[in-house]
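Observations on the model geometry
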Amino acid sequence: MVIVGAGAIGLLIGSLLSEEKHEITYITRTTEQADNLRNHGVTLVRANGEKVRSHVSAFAEYRLAPKDALWIIAVKYHHLHDIKENLMSLPLTTPMLFIQNGIAHLQWINQLQHEQIYIATIEHGAIKDNATTVIHKGIGLTKIAPYKKTTNTYMDMSIFQTPKFQIEMVEDAYAITLRKAVLNACINPITTILLIENGKLISNKQAFQLMHSLFLEMQTAFPEISSMLTFEDVKALCEKTSSNKSSMLQDRLNHRQSEIEPIVGELLNLAAGREKQLPLLRTLYQLVLAIDEKGEQHE
């Protein structure tokens, strides 16, 4: 298995699957991180403080990774264009699994001609502590759906399932991606603006009311989510990842560009296409954009 991207989610997936004896190869943005991962392995810090270290391979050059393995693309949406040429150079038979927040990446993927492309949404809480260490802040479900399949071959992702990495195979990639985008839109902007962990969205009465109002507003534009997501699900995710900092908040704290556009901006575009206005979501969107424009140096 090849994992492109060694951020929080990439490190988490690799560490969990390495425990089950799957061979993991990372493709990293820097040679330094690749060297660290090869020399020191990947370390998973569980919620109880236990540390588990696993051996992995890692390279900064795509040509060194196996082409006959499953490739998991776990980079942020705005980095996809940086790796486009490398992905397009892979054999058309190489299966790919994309994990990005938001729904903007679905259109981006359409330019690839590969025979098997899958979409995954992950509801685990994870924080990257350093180049080789990830802190597991909450266990959640991983949903996987085929997005593009031009062959009769169907990859059985259940072989990667573990007690701590539960996988549910579904058929509708757009539905699970929209569901995750709405979840992220309920949680990420508020935690980023208020600088709070996910659990504070439950314990802080005003934040909780804001999150609830946001969910109800999005239901007006996307009524189809009612069959796959309830506000109780949103609360449950906040509770399961109560000590986790959302990915967007982590971006702010680490002076990185946020993913407000592929997550919230794309939802606003979809709603506009349905002639629906989401004033509360748009206000939060503009506030996060304002934070992004404060002059902080982005990676």
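Report on the accompanying structure.

**Quick word on the packing of aromatic side chains**
By the definition in use, this model includes four aromatic pairs. Here Tyr 62 and Trp 71 contribute two aromatic rings whose centre-to-centre distance is 6.1 Å and whose plane-to-plane angle is 25°, an arrangement assigned as stacked. Look at Trp 71 and you get buried, because its relative accessible area is 0%. Between Phe 208 and Phe 231 the ring centres are 5.5 Å apart and the planes differ by 65°, which places this aromatic pair in the edge-to-face class. Residue Phe 208 is located in helix α7 (residues 205–221), and its partner Phe 231 is located in helix α8 (residues 231–240); the two are separated by 23 residues in the primary sequence. Members of the aromatic cluster, each reached through a chain of ring pairs, are Phe 208, Phe 215 and Phe 231.

**Comments concerning the layout of surface pockets**
Over the atoms a probe the size of a water molecule is rolled, and this reveals where empty space is left. Roughly 1200 Å³ of internal volume is contained in the largest pocket. Looking at the largest pocket, it is lined by 49 residues, and the ones nearest its centre are Gly 7, Ala 8, Ile 9, Lys 76 and Arg 256. Elements that contribute at least two residues to the lining of the largest pocket include exactly α1 (8–19), α2 (31–40), β8 (116–122), β9 (125–130), α5 (173–194) and α9 (247–253). Top contributing element to the lining of the largest pocket by residue count: α5, with five residues. Here the lining of the largest pocket is composed, by residue class, of 13 nonpolar, 26 polar and 10 charged. The volume enclosed by the second largest pocket comes to roughly 160 Å³. What lines the second largest pocket is simply Val 4, Gly 5, Ile 27, Thr 28, Arg 29, Ala 60, Tyr 62, Val 75, His 79, Asp 82 and Ile 83.

**Section: empty space enclosed by the protein**
One pass over the full model with this rule turns up two cavities of 30 Å³ or more. Contributing to the lining of the largest cavity are 14 residues, with Ile 72, Leu 97, Ile 144, Phe 165 and Ile 167 lying nearest its centre. Elements represented by at least two residues in the lining of the largest cavity include exactly α1 and β11 (142–149). Considering only residue class, the lining of the largest cavity consists of 13 nonpolar, one polar and no charged.

**Comments concerning the environment of His 255**
With respect to the helices and strands, the residue His 255 is situated in the loop between α9 and α10 (260–273). Residue classification places His 255 among the partly exposed positions, given a relative accessible area of 42%. As a C-alpha pair, His 255 and Gly 41 span 214 residues in sequence and 26 Å in three-dimensional space.

Rules used in this analysis
- Residues numbered from 1 in each chain as written.
- Predicted model: local features only at pLDDT ≥ 70, side-chain atom pairs only at ≥ 80, totals over all residues.
- Heavy atoms only, no water.
- Phe/Tyr/Trp six-rings, centres within 6.5 Å; stacked < 30°, edge-to-face > 60°.
- Buried < 20%, exposed > 50% of the residue type's maximum accessible area, 1.4 Å probe, protein only.
- Helix = DSSP H or I, 4+ residues; strand = E, 2+ residues; numbered from the N terminus.
- 1 Å grid on protein atoms, 1.4 Å probe; cavity = no way out; pocket = protein on both sides within 12 Å on 5 of 7 lines; lining within 4 Å.
- Points joined across faces, edges and corners; volume = space filled by probe spheres on them.
- Nonpolar A, V, L, I, M, F, W, Y, C, P; charged D, E, K, R; others polar.

Interpretation in functional terms is not warranted from these geometric data alone.
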